[in-house]
Amino acid sequence: MVAAPQSAGRERGTSMSQLHLEVADHIAVITMDNPPVNAMDRDWNMIEMLDSFADRDDVRVCILTGAGTRAFCAGADVKRGAREAGTTPPPGTRLATSRAARERYNALVECAVPVIGAINGHALGAGMALAACCDFLIASENATFGLPEVNVGLLGGASQMGRVFPTGWLRWANMTGQRINAQQALMAGAVIRVVPPEQLMDEAMAEARVIASKMPLGVQMVKSTLNVIENTDIKNGYRYEQTQTAILSKTEDSAEAKRAFAEKRQPVWKGR
């Protein structure tokens, strides 16, 4: 048995109006809200939101989703690009924009707490990359995944997409610009569950509550360890896991977990 998470209060509308943050019961929910397709704006402060969780005791897990049922995030903000067409940006703008996009994806992977992707609709281009950088995905029946950049003479986020889709699906989507539907994504192992749209957030919240009830230090070390061993050979990866296990076993919460298990009661986490 594990302790139920305690209420941590609620926040709304943090910073940019297109990016909402809510925190309650140790669960953070980040909602992308840029109608009509939740296009990713380069000014989003997602990096700051995600980085802040490393210093917050009230956040143990995060859910990333999009507003509405049409799109999770259907790529970069083309409308903003159209408005700025014909203008000459300051030197270095292109590289700075590219760097900001990379760091947004890295911030998801490197976030101190697990990030669950609740894919409510189209996850395309930059949206596909955002989804792929979450720790695992739950998809609405409306969800689709793809890299349509080839249709407009660009390249997409194949590096990120390859984290969740096998090579055949990745190459097909990248070369044809066509979309992978939710059931195909489930068969490919890219998502763990497909549910009706109205059940998506309930399913994501249920998974988040399970994670939030676990030993906070343990969950954080699970994520950081998985990130390290993802591209490590088995021998050195397992050696690293053993080293991290030894460190974790010396914490107060590790001792509390063992006592609670033996005494058949819920543990009380101290975060140390």
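Rules of the game
- Residues numbered from 1 in each chain as written.
- Predicted model: local features only at pLDDT ≥ 70, side-chain atom pairs only at ≥ 80, totals over all residues.
- Heavy atoms only, no water.
- Helix = DSSP H or I, 4+ residues; strand = E, 2+ residues; numbered from the N terminus.
- Buried < 20%, exposed > 50% of the residue type's maximum accessible area, 1.4 Å probe, protein only.
- Contact = heavy atoms within 4.5 Å.
- Areas by Shrake-Rupley, 256 points an atom, 1.4 Å probe, with all protein chains shown as cover.
- Pairing = 2+ DSSP bridges.
- Salt bridge = Lys/Arg side-chain N within 4 Å of Asp/Glu carboxyl O.
- Expected span 1.5 Å × (residues − 1).
- Axes fitted to C-alpha atoms, helices over the stretch in contact; angles between N-to-C directions.
- Core = buried A, V, L, I, M, F, W, Y, C linked by side-chain atoms within 4.5 Å.

Trainee: Which residues make up the overall build of the protein chain, and what values go with them?
Mentor: When its secondary structure is counted, the protein chain shows 11 helices and 10 strands. By residue count, 45% of the 272 residues in the protein chain fall in the buried class. Taking the contacts inside the protein chain whose residues are at least 6 apart along the sequence as the reference set, 66% of them involve residues at least 24 apart. Put simply, the protein chain shows about 14300 Å² of open surface, and 54% of that area lies on carbon and sulfur atoms.

Trainee: Can you lay out the sheet that holds strand β4 (residues 71-73) for me, pointing to particular residues and giving the numbers?
Mentor: Taken together, the four strands give an open sheet; going across it, the order is β4-β6-β8-β9, and neighbouring strands pair in mixed fashion. The sheet terminates laterally at β4 and β9 (180-181), the two strands that pair on one side only. With two bridges connecting them, β4 and strand β6 (residues 122-124) associate as parallel partners. Residue pairing in the sheet places Cys73 in a bridge with Ala123 of β6.

Trainee: Give a detailed account of the pattern of salt bridges, specifying residues and quantitative values.
Mentor: Scanning the entire structure with this criterion turns up nine salt bridges. Among the salt bridges present, the one from Glu230 reaches Arg163, with a minimum N-O distance of 3.3 Å. Of this pair, Glu230 sits in the loop between α9 (216-229) and α10 (234-248) while Arg163 sits in the loop between α5 (158-161) and α6 (167-176); the two residues are 67 residues apart in sequence, bridging distant segments of the chain. The partly exposed category is assigned to Glu230, whose relative accessible area is 40%. Note that Glu256 and Arg259 form a salt bridge whose closest N and O atoms lie 3.2 Å from each other. Taken together, the positions of Glu256 and Arg259, both in helix α11 (residues 252-263) and three residues apart, correspond to about one turn of that helix. Judged by its relative accessible area of 8%, Glu256 falls in the buried class. Residue Arg259 is classed as partly exposed on the basis of its relative accessible area, which comes to 41%.

Trainee: Go over α9, please, and point to the residues and values.
Mentor: Over its 14 residues, α9 extends 20 Å from the first C-alpha to the last, a length consistent with the 20 Å expected when each residue adds 1.5 Å. Of the residues making up α9, those classed as buried are Pro216, Gly218, Val219, Met221, Lys223, Thr225 and Ile229. Those residues of α9 that are buried are in contact with α3 (93-110), β5 (115-119), α8 (200-213), α10 and α11.

Trainee: Please provide a residue-by-residue account of the environment of Met128, values included.
Mentor: Its location among the elements puts Met128 in helix α4 (residues 126-132). Using a relative accessible area of 0% as the deciding quantity, one classes Met128 as buried. Taking the C-alpha atoms as reference points, Met128 and Gly75, 53 residues apart in sequence, are found 7.7 Å from one another. Once residues lying within four places of it in the same chain are set aside, the contact partners of Met128 are Ala123, Phe145, Gly146, Leu147, Met161, Val164 and Phe165.

Trainee: For the sheet that holds strand β10 (residues 193-195), give the residues involved together with the corresponding values.
Mentor: Pairing in this open sheet of six strands is mixed, and the strands run β1-β2-β3-β5-β7-β10 from one edge to the other. Lying at the two open borders of the sheet, with one neighbouring strand each, are β1 (19-24) and β10. In this sheet, neighbouring strand axes are inclined to one another by 20° on average, regardless of whether the strands run parallel or antiparallel.

Trainee: Help me get a handle on the nonpolar core, residues and values and all.
Mentor: Ranked by internal contacts, the top residues of the largest apolar core, which has 52 residues, are Phe53, Phe145 and Phe165. The greatest single-element share of this core, amounting to six residues, is contributed by α4. With residues up to four places along the chain from it excluded, the contact list for Phe53 reads Leu21, Ala28, Ile30, Val59, Cys62, Cys111 and Val113. By size, the runner-up hydrophobic cluster in this structure holds 16 residues, among which are Val29, Ile63, Phe136 and Ala212.

So far we have only geometry, and geometry alone does not tell us how the molecule works.
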